[in-house]
Amino acid sequence: MSRYLDFGNGNVLSTTGALNGLNQSFVASTAWPSANLAIFVPIRVASPCTVYKLAIGAGTTAAGNFDVGLYDSAGNKLVSSGATAKGASVEHILDVTDTRIGPGLYYLAMSADGTNNYMGITPTGSSPVPLQKARLYGTLEMATAYTLPTTAAMVARTVPFIPTMAAYLRPY
Amino acid sequence: MQYRMPPPPVLTPFNLDSLGLSAGGLVVYLGASVSVAWPVNNLALFYPFRLFDFATAYQLLLMIGGTSGGNIDVGIYDSQKNLIVSSGSTAMSATVNTAQELNITDTPLPPGDYLLGVACSSTSGTVFTNSQADESHLSSYPIYEQASAFPLPNPCVPVVSTQGTVPFVVCGIQFRPTF
């Protein structure tokens, strides 16, 4: 078996790693753009593996709930954490049902039920530049998507925020 | 069994499939790009990228800067430097600070090495770039150019960029129907 450009970093695929254009020094606690909005970040997998944890960063102030999950490129939800209460300035590394995936394009997804703070990146510049950059990273969104839907109708971004998320992988 | 990395939904020179690994190591990020005037009238710039799996190109993209001017052309070349598809000469969008979406015939591409070419007819036009000093960056990754190359030529005859400040232009290929 050959593995071309396994983008996993120590068997963890993160949005900052996958997009490779997000300077981690820009990660900050940021208000979720709007209640029930879901944001999808593309990640690619080069060989079969099993997803066994998902991670997000909670920003300041413990309030609200989130849902983090993984979708295939057709918008089908493969696994998610379900509704989870948000802590304050803490990472949430969540066990999920072990889910086997093959090589391909996937989307890490996150939605929140309010505008509480989560860790993420807003590309630099003055409007509309950050939004354009978020689109050039390949991110998508969906309104009215909390908790994460079984099937996602992903559309072009209207807000630039990109949450930091990660999927923990182990060999298939 | 051999597996292949699928293409990104939007490929830019900042992707790992292109120059992103070396560029990121030198703190060159798409997110930190800014508006800069096109360096030379009719100059074409070329960024190598690799596809590990089949992909269909739906649109070509160029992030327009704060001032619009001149015409642009964005295209894809094969490893033999033949032009596969391009937007052709197109007026730079008057809507500034926005990614200009250039529709092309949906073009399937097999795995292989390619060049993403971008050219502008006038230095009055601006694009988003992350420009860096040539000695520090051309020693780490190649960016190619060709003078008097607007619209994009077929074939191209690129040389390593001679610009003192190397433009890392925010341009790209959309490999899914939705941008």
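Reading the values: rules and limits
- Residues numbered from 1 in each chain as written.
- Chains lettered and ligands numbered in written order.
- Predicted model: local features only at pLDDT ≥ 70, side-chain atom pairs only at ≥ 80, totals over all residues.
- Heavy atoms only, no water.
- Helix = DSSP H or I, 4+ residues; strand = E, 2+ residues; numbered from the N terminus.
- Buried < 20%, exposed > 50% of the residue type's maximum accessible area, 1.4 Å probe, protein only.
- Contact = heavy atoms within 4.5 Å.
- Areas by Shrake-Rupley, 256 points an atom, 1.4 Å probe, with all protein chains shown as cover.
- Rg over C-alpha atoms; globule rule 2.2 N^0.38 Å.
- Buried area = accessible area lost by both parts, 1.4 Å probe.
- Salt bridge = Lys/Arg side-chain N within 4 Å of Asp/Glu carboxyl O.
- Polar contact = N/O pair within 3.5 Å; in protein donor to acceptor, adjacent residues only side chain to side chain.
- Nonpolar A, V, L, I, M, F, W, Y, C, P; charged D, E, K, R; others polar.
- pLDDT = per-residue confidence, 0-100.

1. Notes on the overall build of chain A
Stage number 1. The helix and strand inventory of chain A stands at two helices and 13 strands.
Stage number 2. Counting all 172 residues of chain A, 54% fall into the buried class.
Stage number 3. Put simply, 81% of the contacts in chain A that link residues at least 6 apart link residues at least 24 apart.
Stage number 4. Split by element, the accessible area of chain A, about 6,400 Å² in all, is 50% carbon and sulfur.

2. As for the overall build of chain B
Stage number 1. Helix and strand counts for chain B come out as two helices and 15 strands.
Stage number 2. Relative to the 2.2 N^0.38 estimate, which gives 16 Å for 179 residues, the radius of gyration of chain B is 15 Å and therefore close to what a compact globule would have.
Stage number 3. With respect to the three principal axes, the spread of C-alpha positions in chain B is 50 × 35 × 30 Å.
Stage number 4. Evaluated residue by residue, chain B yields a buried proportion of 56% over its 179 residues.
Stage number 5. A total of about 6,500 Å² of accessible surface is found on chain B, and carbon and sulfur atoms cover 51% of it.

3. Here we look at the interface of chain B and chain A
Stage number 1. Taken together, the contacts link 36 residues of chain B with 33 residues of chain A.
Stage number 2. Carbon and sulfur atoms make up 64% of the area that chain B and chain A hide from each other, which totals about 2,900 Å².
Stage number 3. Joining chain B to chain A, the criterion identifies two salt bridges.
Stage number 4. Residue B:Asp17 is joined to A:Arg44 by a salt bridge in which the shortest nitrogen-to-oxygen separation is 2.6 Å.
Stage number 5. The interface formed by chain B and chain A contains seven residue pairs in polar contact (both at pLDDT 80 or more).
Stage number 6. Across the side of chain B that touches chain A, the residue classes break down as 23 nonpolar, nine polar and four charged.

4. Let's talk about the environment of B:Ser79
Stage number 1. Looking at where B:Ser79 falls in the secondary structure, it is placed in the loop between strand 5 (71-77) and strand 6 (83-86).
Stage number 2. It is 12 Å that separates the C-alpha atoms of B:Ser79 and B:Gly117, two residues lying 38 residues apart in sequence.

5. Description of the confidence of the model for chain B
Stage number 1. With 99% of its residues at a pLDDT of 70 or more, chain B has an overall mean of 92.
Stage number 2. Model confidence for the complex: the whole-complex pTM is 0.91, and ipTM, which rates the interface, is 0.88.

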